[in-house]
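Examination of the molecular architecture
Spelled out, the chains give:
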Amino acid sequence: HFLTCSSGIRVIQCIGKDGAPIITFPEYSGFGDLLDEDFQNVVTYLTSIPSLDAASIGFVIIIDRRRDKWSSVKASLTRIAGAFPGNLQLVLVLRPSRFFQRAVADIGMKLHRDDFKMKVPIVMLNSLSDLHGYVDKGQLTCELGGNLEYCHSQWIHHRTAIENFAVTVKTTAQMLQKFGTDLSETELPNDVQYTKDLLTTHTEKHDKLKDELKLAVQQGTTLLGCIKEQAAKSENHKLNPDEMENQTTVERLLAQLDETENAFQQFWSKHYLKLEQCLQLRHFEHDFREVKVSLDSLMDTLTFLSDIGDCVTRVEMLLNDLNTLEEKESLEKAQLHALHGDQLIQSNHYAVDSIRPKCVELRRICDNFTNEAKKKYDILSKSNQIHKEHVSLLQSPMLWCESGVYLLASQAVDKCQSQDGAEAALQDIEKFLETAKENQLSDLKNIHNQYELVLNAEVKVCAEMFEKRQVSLKKLSAKQTRPVQPVAPRPESSPNRPALSKTPRTTGPAPGKSPPLAIGVSILGFINVSALTNTTKGLLCNWCVLTDPVFFLPRHIMNELIETERLYVEELQSIMEGYAAELDNTELSHLIPTALENKKDVLFGNLPEIYEFHNRTFFKELENCMERPELVGTCFLKRKEELQIYEKYCQNKPRSEALWRQCGDGLFFQECQKKLDHKLSLDAYLLKPVQRITKYQLMLKEMLKCSKNQEGTAELEEALATMLDIIKSVNDSMHQIAITGFEGNLSELGKLLMQGSFNVWTDHKKGHSKVKDLARFKPMQRHLFLYNKMLLFCKKREETTDEKPSPSYSFKHSLKMSAVGITENVKGDIKKFEVWYNGREEVYIIQAPSMDVKNMWVSEIRKVLTGQLEACRGIQCVGVFSSGLSGEGNTENELLLAESFGTIFLIGLLNNVLPALVMSPGRPKLHPTRRD
């Protein structure tokens, strides 16, 4: 084979008898002028062409110097000995043919053989016939007396094409591998549009790579055809070993390309299917939310649709409204959407665990609606029938009840405080009750039972009001002390357990204030006010105003708070005595599950601490507020630190629930439940503290509604804010304990201020270009935790334990707040804001789920930065500003604070500094903008 290098030398490669590759150096007068680098490249390339097996046999070198001098022979041997990269087997030299040069060559070989430092034989040949004794003529060209057919330009063309094709195969494989890596690292989006964009982008890249792959295959196929073209010219022509090697090389490269294509196509098919399923899931979730909103609205409408009518016309109108609701398309859409979810599940969708609960939820709401609608239809139908058959019978009780309500409302409160006044009011009621016979109402309870389905709320309330008023007036006429307020019986009180000690209540009136009638609180304690019609509510409100408008509702709420607190403490006592203490009972030790041994603290957490606080302190302080409800806000503020114990309890709750799932079915707990006469198992009672801490803020809200502009309002508002903050801290701490992978100590980061999920883009000045590409490509879903000292970026993962999903947060990145800046508004989306680091070296674009969430986060981050700024105000801040004007002395942290705050920084620090700077002689006036 001939290879022409840049200097014109021709090098021939053949195959020896034993399979050893042969490299021939033909006569060339310019060989001595060939650069060492060119020679090295040519020889290295030629030695890389044969297979490893052939190269391991060793190369045979033929040097043709028949028309040259001994100096050329010597130069060639010296260069080959110093630069040949392969294994040598034999060196054959065709010595100079002229007599004098041949004699010189013989002498020179004897004198300089050791100088060549070759460990293989060097054979000096006199003629071509001598050469044919070592190498077959079929492996030599005609110049060396052989018969090997060879086209130099064709060999150059084939070798160049093969090298280009090999590079193409390698480049294509790398492109496919990189694309596959990008696909495997892609996070699935959370909404429809992002999923569509991602699917489109990936498909376009796949199609582009597919085209590149087709071009590479076409290139290899064309090259293989050119190599085989020689054999196709005639039937007798056979490919020489070199052409066979080229053919084998191209076929191998094509096979590699085909294997790579098949593997990539399989991976792409799976990835494309997952993206398609992701898009289906996002459509399903979007439609589910819309259907759910429609169903909830429909259910609310049904709930507020009255099942009581005071006349035939009203009942028929309600029946018509009910039929209209049942004909709404929302129910049909919900059923169809649930059916679509079933189809996705049957198609082996990857998100079955997310789809199935939504289908169940839709069917549950539809079933509830159908059942509730049927109940209302049955009641209204019966009501319609009774109204048509007993119109006169129903009208009389209604009129009688209306007169009775006006009678109760007209009884003056101050007159009822004396014994005579109470007796007179009692006589008026008894006289009015005697008129029931004239109105076919001889017994209110019988009337209530007989017409329970059709009597409206006015009749029911009227009967209750008269009964309660009679009881109260009889007590007032018998004994002039404030009666003990009746309390509804508490459920599940255990006869086997000693009753909770109760603090005696003060029965006397507050100084300077006449005690209102207890009957007001009593009636509201037994009547479901939300079920009343507007007419009855109006009558009751008028009556309450006559009694004592400031006193009435706050005291009722206070009564409910104290009584529910009493029940809560009793329930905690039952847990501590009936379960926790029994774990130390030797008589039951054989029933205690093995998994529960030495894990009492895990199951109950710090419940003993909670019980002691409420039993010894908080409950008694709430009781002291009975006569003065306006003090309840102060009570909560006084104990806000002690109420933080709920955070520890809630943090332990997942561990407690996991332990309960292991051993909750054991005989020990069944025996304890039986002794306590509890209807519910222990896990329901262990949930009571979580429910109680959230109940306080609801009661404070109700107290605040009826205490506007009254004494204690400010304390109530502060107490409400405190309880909401405690609930938020509890909720945040539940998320914090699920952080994994953070190597530091979370307790050293300061207070956890905020946490939530966001879409995050990155745009960094430094780093791999892939970071910027991803910033334009798609957002990352990250859960952020804001502490006083650090901002954590985590990835939320849904884990399932015992068929119960629980989130965990895998730590990804963190930013020290001392080097953080914030940009409140980002162009293009009002819900986005920027958090940047080290002078915008790292920029994180954060998209909040709503404007309210964004505003809360921006406000909280600015508070943290403001705190840092205030901390350094007295030490460095004035220096920061003055150095900033001159461009000297700024530390990184100080500049970040200054740049971050902009106007806030100017307002906070320059009120004293700026005027002096502006008015200083020789200094130009400053005109700071918002950016400055």
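Residues numbered from 1 in each chain as written. Predicted model: local features only at pLDDT ≥ 70, side-chain atom pairs only at ≥ 80, totals over all residues. Heavy atoms only, no water.

1. Some details on a negative patch on the surface
- Taken together, the side chains of Glu204, Asp207, Asp211 and Glu212 make up a negatively charged region of the molecular surface.
- Secondary-structure assignment places Asp211 in helix H7 (residues 192-233).
- By relative accessible area, which is 45% here, Asp211 ends up partly exposed. (Patch = residues over 30% accessible without salt bridge, like charges linked within 9 Å, V, L, I, M, F, W, Y side chains within 5 Å. Areas by Shrake-Rupley, 256 points an atom, 1.4 Å probe, with all protein chains shown as cover. Salt bridge = Lys/Arg side-chain N within 4 Å of Asp/Glu carboxyl O. Lys, Arg positive; Asp, Glu negative; His and termini not counted. Charge placed at Lys NZ, Arg CZ, Asp CG, Glu CD. Helix = DSSP H or I, 4+ residues; strand = E, 2+ residues; numbered from the N terminus. Buried < 20%, exposed > 50% of the residue type's maximum accessible area, 1.4 Å probe, protein only.)

2. Side note on the pattern of salt bridges
- Taken as a whole, this structure holds 30 salt bridges when the rule is applied.
- Where Arg363 meets Asp342, a salt bridge forms, and the shortest distance between an N and an O atom there is 2.5 Å. Of this pair, Arg363 sits in helix H11 (residues 352-389) while Asp342 sits in helix H10 (residues 329-346), and the two are 21 residues apart along the sequence.
- One salt bridge in this structure joins Asp378 and Lys374, with 3.3 Å as the shortest N-O distance. Within this pair, Asp378 and its partner Lys374 are both found in helix H11, separated by four residues, close to a single helical turn.
- Residue classification places Lys374 among the exposed positions, given a relative accessible area of 52%.
- Each of the salt bridges in this network shares a partner with another, and the network as a whole consists of Glu621, Lys638, Arg639 and Glu642.

3. Regarding the packing of aromatic side chains
- Scanning all chains against the criterion turns up 17 aromatic pairs.
- Both rings, one in Phe636 and one in Tyr696, keep their centres 5.3 Å apart while their planes meet at 70°; by these two values the pair is edge-to-face. Linking Phe636 in helix H21 (residues 632-638) with Tyr696 in helix H25 (residues 688-705), this pair joins segments that are 60 residues apart in sequence.
- Given a relative accessible area of 0%, Tyr696 falls into the buried group.
- An aromatic cluster is built from Phe179, Phe264, Trp268 and Tyr272, whose rings are joined through pairwise contacts.
- When the ring centre of Phe288 is taken as reference, the NZ or CZ atom of Lys358 above it lies at 5.8 Å. (Phe/Tyr/Trp six-rings, centres within 6.5 Å; stacked < 30°, edge-to-face > 60°. Lys NZ or Arg CZ within 6 Å of the ring centre and 35° of its normal.)

4. Considerations on the packing of helix H22 (residues 645-663) against H25
- For the pair H22 and H25, the least separation of the axes is 10 Å and the interaxial angle reads 135°. With respect to their mutual orientation, H22 and H25 come out oblique. Two packed elements cross with a definite hand, and for H22 against H25 that hand is left-handed. Contacts from Tyr646, Tyr649, Cys650 and Lys653 of H22 reach H25 at Pro689, Val690 and Ile693.
- For the contact of H22 with H25, a count of residues per class yields six nonpolar, no polar and one charged. (Axes fitted to C-alpha atoms, helices over the stretch in contact; angles between N-to-C directions. Parallel < 35°, antiparallel > 145°, perpendicular 65-115°, else oblique. Left-handed = near helix turned anticlockwise from the far one by under 90°. Contact = heavy atoms within 4.5 Å. Nonpolar A, V, L, I, M, F, W, Y, C, P; charged D, E, K, R; others polar.)

5. Some remarks on helix H23 (residues 667-676)
- Every buried residue of H23 is accounted for by Phe668, Phe669, Cys672, Gln673 and Leu676. For H23, the buried positions fall inside an angular range of 130° around the axis, keeping them on one side. Turned more than 90 degrees away from the buried face of H23, the exposed residues are Leu667 and Lys674.
- Positive phi appears at Asp677, one or two residues downstream of H23, with a value of about 60°. (Arc of directions from axis to C-beta.)

6. Thoughts on unusual backbone geometry
- Positive phi values are uncommon outside glycine, yet Asp677 reaches one of about 60°.
- Assignment of secondary structure puts Asp677 in the loop between H23 and helix H24 (682-686).
- Of note, the phi angle at Asn838 is positive, near 55°, even though the residue is not glycine.
- Of note, Asn838 is situated in the loop between strand E13 (832-837) and strand E14 (842-847).

7. Notes on the environment of Glu609
- Residue position: Glu609 is located in helix H20 (residues 607-623).
- For the pair formed by Glu609 and Ile645, sequence separation is 36 residues and the distance between their alpha carbons is 7.9 Å.

8. Section: the packing of helix H3 (residues 70-83) against helix H4 (residues 99-112)
- Contact geometry of H3 with H4 gives a least axis separation of 9 Å together with a crossing angle of 35°. Within the contact between the two elements, H3 uses Trp70, Lys74 and Leu77 and H4 uses Gln101, Val104, Ala105, Gly108, Met109 and His112.

9. Overview of the side chain of Asp732
- By the secondary structure assignment, Asp732 is in helix H26 (residues 713-736).
- Exposure remark for Asp732: the relative accessible area of 3% places this residue in the buried category.
- For Asp732, the residues in contact, after removing those within four places along its chain, are Leu752, Leu753, Met754 and Gln755.

10. A word on the confidence of the model for the protein chain
- Across the protein chain, the average pLDDT comes to 76, with 75% of residues at 70 or higher.
- Within the protein chain, helix H30 (residues 903-919) has the poorest average pLDDT of any element, 35, and H20 the best, 94.
- In this model, residues 480-539 is a region of pLDDT below 50 whose contacts with residues beyond four sequence positions or in other chains number 96 contacts.
- This stretch, residues 768-775, has a pLDDT under 50; its non-local contacts, to residues over four places away or in other chains, come to ten contacts. (pLDDT = per-residue confidence, 0-100.)

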